[in-house]
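# Residue-level structure breakdown
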Number of protein chains: 2
Amino acid sequence: MTDKKEQILHAALELFASEGYHTVSTSKIAKKAVVSEGLIFRHFENKKGLLEAILEYAFERMGILLMPILTEKSPIKAIEKYILLPFEIDKSEYHFWRLLFKLKWEIEYSSVEKMKPLIDKLSTSFEALNYKEPEKEAEVLNHIIESVSGGILKDGLQSQEILKDFLLKKYHI
Amino acid sequence: MTDKKEQILHAALELFASEGYHTVSTSKIAKKAVVSEGLIFRHFENKKGLLEAILEYAFERMGILLMPILTEKSPIKAIEKYILLPFEIDKSEYHFWRLLFKLKWEIEYSSVEKMKPLIDKLSTSFEALNYKEPEKEAEVLNHIIESVSGGILKDGLQSQEILKDFLLKKYHI
DNA sequence: GTCTATACGATGATAGAC
DNA sequence: GTCTATCATCGTATAGAC
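This section reports on the structure supplied with the text. (Residues numbered from 1 in each chain as written. Chains lettered and ligands numbered in written order. Predicted model: local features only at pLDDT ≥ 70, side-chain atom pairs only at ≥ 80, totals over all residues. Heavy atoms only, no water.)

## Some details on the protein's contact with DNA strand C
Around DNA strand C lies a shell of 15 residues, among which Thr26(A), Lys47(A), Lys4(B), Ser36(B) and His43(B) are the nearest. Those atoms of DNA strand C that come within 4 Å of the protein belong to sugar or phosphate at a rate of 65%. Arg42(A) is positioned with one of its side-chain polar atoms (N or O) 3.3 Å from a base oxygen of DNA strand C. The side chain of His43(B) places a nitrogen or oxygen atom 2.9 Å from a phosphate oxygen of DNA strand C. Mapped onto the surface near DNA strand C, the elements with two or more residues apiece are α3 (37-43) of chain A together with α3 (37-43) of chain B. With four residues, the top contributor of residues to the surface near DNA strand C is α3(A). Among the residues forming the surface near DNA strand C, the class breakdown is four nonpolar, six polar and five charged. (Near = heavy atom within 4 Å. Polar contact = N/O pair within 3.5 Å; in protein donor to acceptor, adjacent residues only side chain to side chain. Helix = DSSP H or I, 4+ residues; strand = E, 2+ residues; numbered from the N terminus. Nonpolar A, V, L, I, M, F, W, Y, C, P; charged D, E, K, R; others polar.)

Written as structure tokens, this is what we have:
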């Protein structure tokens, strides 16, 4: 993070995440990153290019976060890990994930595609556990975790924490 | 909708819903409404005032939509009605609800408060049906429907329709 | 109630020097 | 790689005439 390009990326991430892409000006980003505004356009073609660089990084991070679930051999453990996911996110990364939730409605990106491997994993896990309709169980659990995650990012961990044990019990964990 | 004020409201709703509050300019709204830009500021103090007028209307509409659930005597029917809600929304009103989903992340408004009566209703319904932890069941169902609704608004009805019967079965309806 | 004209700051982006 | 200076355009908002 000693590099100015990194500084820009970092400042933009925080600002986009907390205030949204359209509301944040390049001038504001430059000030926060303590660089000249022009530099932003040298490193990234334009404002949208800056956003895309951040998104790329974000998706990479999401992949890393999901990896332990995708590689989990035990079906019950895979489901457990997914349920616990939103409750164990580090607070320092909230703004990071908030950005993805915000952008899902602000710009068009196919979250469906990105989540496909996860849904598949959950689906085979439920299948291994003899659930009647594993794909649908996977979709529903995904919906629950998605909305719980949104709740945590909007209103804080404590707003959802009571659901943690309840969900684990619900899925017999 | 013969009134120019109505025309502005209508145009702004459509534009905000499809493109977001911050991206849409007052000039664009004026063009779509076929009125002068200045008129917007006569009827509504400023752009934010216009948004608030729309939001007020939106919350009123949400109240109307939820009313049949809140007044439903049969607990099982109340739950059924709530599950069916996102699947039965008229396509012509999609942009309307999309606006609320978008704004939840774009500006700050307490969706939690607005949903309180619904959660309470679901909670007492689950209680009447002898569920062990009715409040939590209510929260989880609310999460499911919230995320399913989001899916429908983003990717269309058909993306979620397979879950309709599954959810009804899941809640023994 | 409605329109035209306009003020004026902010914004994304570029050019050129170091 | 980085900064300063600058620009054209857009965006919100106001004033005044009809």
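Here the narrative resumes, following the displayed structure.
## Things to note about the packing of aromatic side chains
The final tally for this structure, using the stated rule, is twelve aromatic pairs over all chains. Here Phe16(A) and Tyr21(A) contribute two aromatic rings whose centre-to-centre distance is 5.2 Å and whose plane-to-plane angle is 65°, an arrangement assigned as edge-to-face. The pair Phe16(A) / Tyr21(A) is uniform in exposure class, with both members buried. Arranged with centres 4.7 Å apart and planes meeting at 70°, the rings of Phe126(B) and Tyr131(B) form a pair that is edge-to-face. Accessibility assignment for this pair places Phe126(B) and Tyr131(B) in one class, buried. The structure contains a cluster of three or more aromatic residues connected by ring pairs, namely Tyr57(A), Phe96(A) and Trp97(A). Residue placement shows Arg61(A) over the ring face of Phe96(A); its charged tip is 5.1 Å from the ring centre. (Phe/Tyr/Trp six-rings, centres within 6.5 Å; stacked < 30°, edge-to-face > 60°. Buried < 20%, exposed > 50% of the residue type's maximum accessible area, 1.4 Å probe, protein only. Lys NZ or Arg CZ within 6 Å of the ring centre and 35° of its normal.)

## A word on the protein's contact with DNA strand D
Looking at DNA strand D, there are 15 residues lining it, with Lys4(A), His43(A), Thr26(B), Glu37(B) and Lys47(B) nearest. Protein-adjacent atoms of DNA strand D, using a 4 Å cutoff, are sugar or phosphate at a proportion of 63%. For DNA strand D, a phosphate oxygen lies 3.2 Å from a polar atom in the side chain of Lys4(A). Take Thr26(B): an N or O atom from its main chain is 2.6 Å from a phosphate oxygen of DNA strand D.

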